[in-house]
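So you can see what is in the structure, the chains are spelled out below.
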Amino acid sequence: GAVVSQHPSRVICKSGTSVKIECRSLDFQATTMFWYRQFPKKSLMLMATSNEGSKATYEQGVEKDKFLINHASLTLSTLTVTSAHPEDSSFYICSAKQAAPYGYTFGSGTRLTVV
Amino acid sequence: RKEVEQDPGPFNVPEGATVAFNCTYSNSASQSFFWYRQDCRKEPKLLMSVYSSGNEDGRFTAQLNRASQYISLLIRDSKLSDSATYLCVVNTNAGKSTFGDGTTLTVKP
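Residues numbered from 1 in each chain as written. Chains lettered and ligands numbered in written order. Predicted model: local features only at pLDDT ≥ 70, side-chain atom pairs only at ≥ 80, totals over all residues. Heavy atoms only, no water.

## Digging into the sheet that holds strand S3 (residues 19–25) of chain B
Residue and element names in this part refer to chain B.
- Read from one edge of the open sheet, five strands run S1-S3-S8-S7-S6, paired in antiparallel fashion. Sheet topology places strand S1 (4–6) and strand S6 (55–57) at the edges, where each strand pairs with a single neighbour. Across the sheet, the mean angle separating the axes of adjacent strands is 15° when strand polarity is ignored.
- Where S6 and strand S7 (residues 60–65) come together, three bridges link them in antiparallel fashion. When the sheet's bridge partners are listed, Asp57 is paired in S7 with Phe60. (Pairing = 2+ DSSP bridges. Helix = DSSP H or I, 4+ residues; strand = E, 2+ residues; numbered from the N terminus. Axes fitted to C-alpha atoms, helices over the stretch in contact; angles between N-to-C directions.)

Written out as structure tokens, the structure is:
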């Protein structure tokens, strides 16, 4: 099946700094990618839908200026957590949709810890 | 009420047991349904899609009841390696996915 590569897998940063997370589709073109965050023992919460060549669509309650999404090519979407705070510490995962019956292919996730 | 609800468990079963998970959804416009498996601190991985006619993949059987708006996952002859969290995923026609909080399964020797 298709592969979505996500980097970094783990990052620790200081409060106030920005962190960029990359998500690449390795063997297919992903016009749409999705960004999720997951808190411990909770499910994935959709943050935003990233569309190639256009602005991302954010879910209610997600700050656009804090979570910057760029989808400049058909194989790369990035999420930048700006001015990170400890409450931003979470597991962030991207996914790309494939044709049925494959559903969504997920990146391996990024565990962000803000200290 | 959550859009997708699952019994969080945990379900603790012995090897060889049969276990079933249910998932209910509130959006009647939901179009497609999936079960994902997530191991601790790993990304979710597609286990199987769920079709209206029901479908089986080895020890796993998934069923959909549109009238009652629920899907189920049955695992037969449980293995230790089946221990994981199982996520129910419901998609609308617009492509939006909603995840359940997951059901945790622990299979013990």
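## Details of the pattern of salt bridges
Residues and elements named next belong to chain A.
- Under the definition given, this model contains seven salt bridges over all chains.
- As a salt-bridge pair, Lys66 and Asp88 come within 2.9 Å of each other at their nearest N and O atoms. Taken together, the positions of Lys66 in the loop between strand S6 (57–58) and strand S7 (67–73) and Asp88 in the loop between strand S8 (76–81) and strand S9 (90–97) put the pair 22 residues apart, joining distant regions of the chain. Like Asp88, Lys66 is buried. (Salt bridge = Lys/Arg side-chain N within 4 Å of Asp/Glu carboxyl O. Buried < 20%, exposed > 50% of the residue type's maximum accessible area, 1.4 Å probe, protein only.)

## Thoughts on unusual backbone geometry
- With an omega of -5°, the peptide bond running from His7 of chain A to Pro8 of chain A counts as cis.
- Turning to its location among the elements, Pro8 of chain A is positioned in the loop between strand S1 (4–7) and strand S2 (10–13).
- The peptide bond linking Gly9 of chain B to Pro10 of chain B adopts the cis configuration, its omega dihedral lying at 5°.
- Take Pro10 of chain B: it is sitting in the loop between S1 and strand S2 (11–14).
- One non-glycine residue with positive phi stands out, namely Gln69 of chain B, at about 60°.
- Mapped onto the fold, Gln69 of chain B is located in the loop between S7 and strand S8 (70–75).
- The phi dihedral of Asp77 of chain B is positive, around 50°, even though this residue is not glycine.
- The residue Asp77 of chain B is located in the loop between S8 and strand S9 (84–92) in this model.
- Asp77 of chain B gets classed as partly exposed once you look at its relative accessible area, which sits at 37%.

## As for the state of the cysteines
Residues and elements named next belong to chain A.
- Across all of its chains, the model carries two disulfides over all chains by this definition.
- Covalently, Cys23 is tied to Cys94 through a disulfide, its sulfur atoms 1.8 Å apart. With the S-S bond torsion at 75°, the cross-link from Cys23 to Cys94 turns out right-handed. Residue Cys23 is found in strand S3 (residues 19–25), and its partner Cys94 is found in strand S9; the two are separated by 71 residues along the sequence.
- Classification of Cys23 by relative accessible area gives buried; the value is 0%. (Disulfide = S-S within 2.5 Å.)

## A word on the interface of chain B and chain A
- Opposite the 18 residues of chain B that make contact, chain A presents 20 residues.
- Between chain B and chain A, the buried area comes to about 1,500 Å², and carbon and sulfur atoms account for 51% of it.
- On the chain B side of the interface with chain A, the three residues burying the most area are Arg41, Glu43 and Phe99 of chain B, jointly 32% of the side's total.
- Taken together, the connections running from chain B to chain A amount to zero salt bridges.
- Here chain B and chain A share one residue pair in polar contact (both at pLDDT 80 or more) between them.
- When contributions to the side of chain B that touches chain A are tallied by element, the ones reaching two or more residues are strand S4 (30–38), strand S5 (45–50), S9 and strand S10 (97–99) of chain B.
- The dominant element in the side of chain B that touches chain A, judged by the number of residues it contributes, is S4 of chain B, at three residues. (Contact = heavy atoms within 4.5 Å. Buried area = accessible area lost by both parts, 1.4 Å probe. Polar contact = N/O pair within 3.5 Å; in protein donor to acceptor, adjacent residues only side chain to side chain.)

## Considerations on the sheet that holds S1 of chain A
Residue and element names in this part refer to chain A.
- Taken together, the four strands give an open sheet; going across it, the order is S1-S3-S8-S7, and neighbouring strands pair in antiparallel fashion. What marks the edges here is a single partner per strand, and that holds for S1 and S7. Adjacent strand axes in the sheet meet at a mean angle of 15°, parallel and antiparallel pairs treated alike.
- Here S7 pairs with S8 via five bridges, running antiparallel.

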